[in-house]
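One letter stands for each residue in the lines below.
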Amino acid sequence: MNPTLSPSNSPRVVRRRGSTRRPRAVSHLPPFNQESHNAALYAIRHYLKGRTSYDTFPVSFRLIVLDSRLEVKKALQCLLLNGVVSAPLWNSEKSCFAGMFTVSDIIHLIQYYYKCSSYDAAAADVETFRLESLRDIERTLGVDPPPLLREHPSASLYDASKRLIQTHARRLPLLDNDNETGHEVIVSILTQYRLLKFISINCGKEIQQLHMGLRKLEIGTYVNPPPPPADGEKPEGYNPFHPIATATMDTPVFDVVHMFSERGISAVPIVDEDGIVVNLYETVDVITLVRLGAYQSLDLTVSEALNQRSPDFPGVVICTASDSLGTLMQLIKKRRVHRLVVVEGEEEERRGGKKGRLLGIITLSDVLRYLIGDVTIGESQWDSSVSTAVATPAPEPAPPENPAVVEPAIVSDAPPPDEKAAEDGPPPVHNDDATAVADVPAAAE
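Peer 1: Explain the environment of E151 to me, using residue names and the numbers behind them.
Peer 2: Within the secondary structure layout, E151 lies in the loop between helix 5 (134–141) and helix 6 (157–167). Taking the C-alpha atoms as reference points, E151 and L175, 24 residues apart in sequence, are found 6.0 Å from one another. Sequence-distant contacts of E151, defined by excluding residues within four places in its chain, comprise R163, L172, P173, L174 and L175.

Set out below in structure tokens:
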């Protein structure tokens, strides 16, 4: 028998209070518009004018310097063991800076032996070829020698950025002079990546205002093929992704190497028959081939070469043309990015495109040129009152109790490292802007 419900044993009814909608918190950021975007650019440039290249240094780092008389093969081993792809050169006879050793030098060396010598001669010469002879290779190939760039560590970051843009360089050596001897001293190397990461960390509120799309800001290079002839027949050599150089999995590696040298680029997108991006072949992949002795067989395909790539390759970073500049800068803050492949997204797919198809490519040079260069606004039209429209840049940090610790390491023509050192060395990197500055733990306080 079920008990009856009476006022004494019936469940208590709880009446809920009517919900009230709380007013949304007022945003302290100015609205997203062209004016706030321009003001953020001005604030970033103004911030860099008050900072020096020294401010970008890690708390502690190791600098790798190569003697210009060092053999190329040993220099390459040194770069791989230290996880960098370029290093400053030092002329020990004159005690002066002698330029940079980069992946481009390896590219030129491969072209020289491929065109002007035999495989047997290449195998013999590479064993004894010295860094100081690289300029002779460039003259033989008719390639302009790289400018002997340098900047003082106390120079403003804005001036250093301008120097990188004007010379189309990816890295800028920072040199000082010894007060006692008067000789040059290589202090560090400022790369595009380190500079952009410094901006993304210290100008976070300004970065949030860079809301406009990458293609709308004309950042990067985008597919713009010439119209086909009236008869509809495409001419020989027609590139549907013009002006971007592309390759397929069946393209010979040397053809890609020639693209690197001829166009002055550091990566080539790999696409399938539908134009979908499937991979990316970079100049640093050439180092792997040279290390394995494959410079004698550059007729192998891109697919075969990629099979020899290190398994820790971080992958291809892609984006769409509608992604904002602020989003890109946030990505640079979180991970090491040196280029982005722009692919067609949902917006292009609705207009008849194909998702994942190559649309463009963005390099760090493109990003730096927009942030620093006078693209859409003139600085003269912005006075101090405009900078108040965006968040005030971070205050200048107090000098640390312990200054930056630098461990110089000049590598000369000495016996190669022992096997234990090779085992303890860091894994190879997969970017073209990693330079001879390797972070090490800060000194104990």
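Peer 1: Which residues make up the packing of helix 7 (residues 192–202) against helix 14 (residues 364–372), and what values do they have?
Peer 2: Between helix 7 and helix 14, whose axes approach to 10 Å, the crossing angle comes to 50 degrees. Accordingly, the angle class assigned to the pair helix 7 and helix 14 is oblique. Once helix 7 is placed against helix 14, the crossing between them reads as left-handed. Note on element contacts: helix 14 touches helix 7 through L364, S365, V367, L368 and L371, opposite Q192, Y193, L195, L196 and I199.

Peer 1: I'd like a rundown of the pattern of salt bridges, residues and numbers included.
Peer 2: By the definition in use, this model includes 14 salt bridges. Among the salt bridges present, the one from R69 reaches D67, with a minimum N-O distance of 3.6 Å. Residue R69 is classed as partly exposed on the basis of its relative accessible area of 36%. Exposure remark for D67: the relative accessible area of 4% places this residue in the buried category. With its nearest N and O atoms 3.5 Å apart, the salt bridge here joins E151 to R163. Placement of the pair is E151 in the loop between helix 5 and helix 6 and R163 in helix 6, with a sequence separation of twelve residues. In this structure E151 comes out as buried when scored by relative accessible area, which is 19%. Residues participating in the shared-partner salt-bridge network are D67, R69 and E93.

Peer 1: Outline the nonpolar core, supporting the account with residue identities and numerical values.
Peer 2: Looking at soluble globular proteins, one finds that nonpolar side chains tend to be buried together. Formed by 57 residues in total, the largest nonpolar core has its most connected members in L325 and L371. For this core, the leading source of residues is helix 14, giving six residues. Once residues lying within four places of it in the same chain are set aside, the contact partners of L371 are L41, I44, R45, L196, I199, L210, L325 and M329. One finds L76, L131, I137 and M259 within the second-largest nonpolar core, a separate group that totals 45 residues.

Peer 1: Can you break down the confidence of the model for the protein chain residue by residue, with the values?
Peer 2: The predicted structure's coordinates, where accompanied by low pLDDT, should not be read in detail. In the predicted model, the protein chain carries a mean pLDDT of 78, and the fraction of residues at 70 or more is 72%. A low-confidence stretch, residues 375–408 stays under pLDDT 50, and its non-local contacts, those more than four residues away or across chains, total 54 contacts. The model gives residues 412–434 a pLDDT under 50, and that stretch makes 56 contacts with residues more than four places away or in other chains.

Peer 1: Tell me what's going on with the packing of aromatic side chains, and back it up with residues and numbers.
Peer 2: Scanning the entire structure with this criterion turns up four aromatic pairs. Seen from their ring centres, Y47 and F198 are 6.2 Å apart, and the 25 degrees between their planes marks the pair as stacked. Residue Y47 is located in helix 1 (residues 34–49), and its partner F198 is located in helix 7; the two are separated by 151 residues in the primary sequence. One exposure class covers both Y47 and F198, and it is buried. Taking 6.3 Å as the distance between ring centres and 5 degrees as the angle between the ring planes, the aromatic pair formed by F260 and Y281 counts as stacked. Placement of F260 in helix 9 (residues 253–263) and of Y281 in strand 8 (residues 277–282) is noted, with a sequence separation of 21 residues between them. Judged by its relative accessible area of 3%, F260 is buried. Accessibility expressed as a relative area gives 1% for Y281, which makes it buried. Among the aromatic residues, ring-to-ring pairing joins Y54, F57 and F61 into one connected group. Stacked on the ring of F313, the Lys or Arg R309 has its end atom at 3.7 Å from the ring centre.

What counts as what
Residues numbered from 1 in each chain as written. Predicted model: local features only at pLDDT ≥ 70, side-chain atom pairs only at ≥ 80, totals over all residues. Heavy atoms only, no water. Helix = DSSP H or I, 4+ residues; strand = E, 2+ residues; numbered from the N terminus. Contact = heavy atoms within 4.5 Å. Axes fitted to C-alpha atoms, helices over the stretch in contact; angles between N-to-C directions. Parallel < 35°, antiparallel > 145°, perpendicular 65-115°, else oblique. Left-handed = near helix turned anticlockwise from the far one by under 90°. Salt bridge = Lys/Arg side-chain N within 4 Å of Asp/Glu carboxyl O. Buried < 20%, exposed > 50% of the residue type's maximum accessible area, 1.4 Å probe, protein only. Core = buried A, V, L, I, M, F, W, Y, C linked by side-chain atoms within 4.5 Å. pLDDT = per-residue confidence, 0-100. Phe/Tyr/Trp six-rings, centres within 6.5 Å; stacked < 30°, edge-to-face > 60°. Lys NZ or Arg CZ within 6 Å of the ring centre and 35° of its normal.

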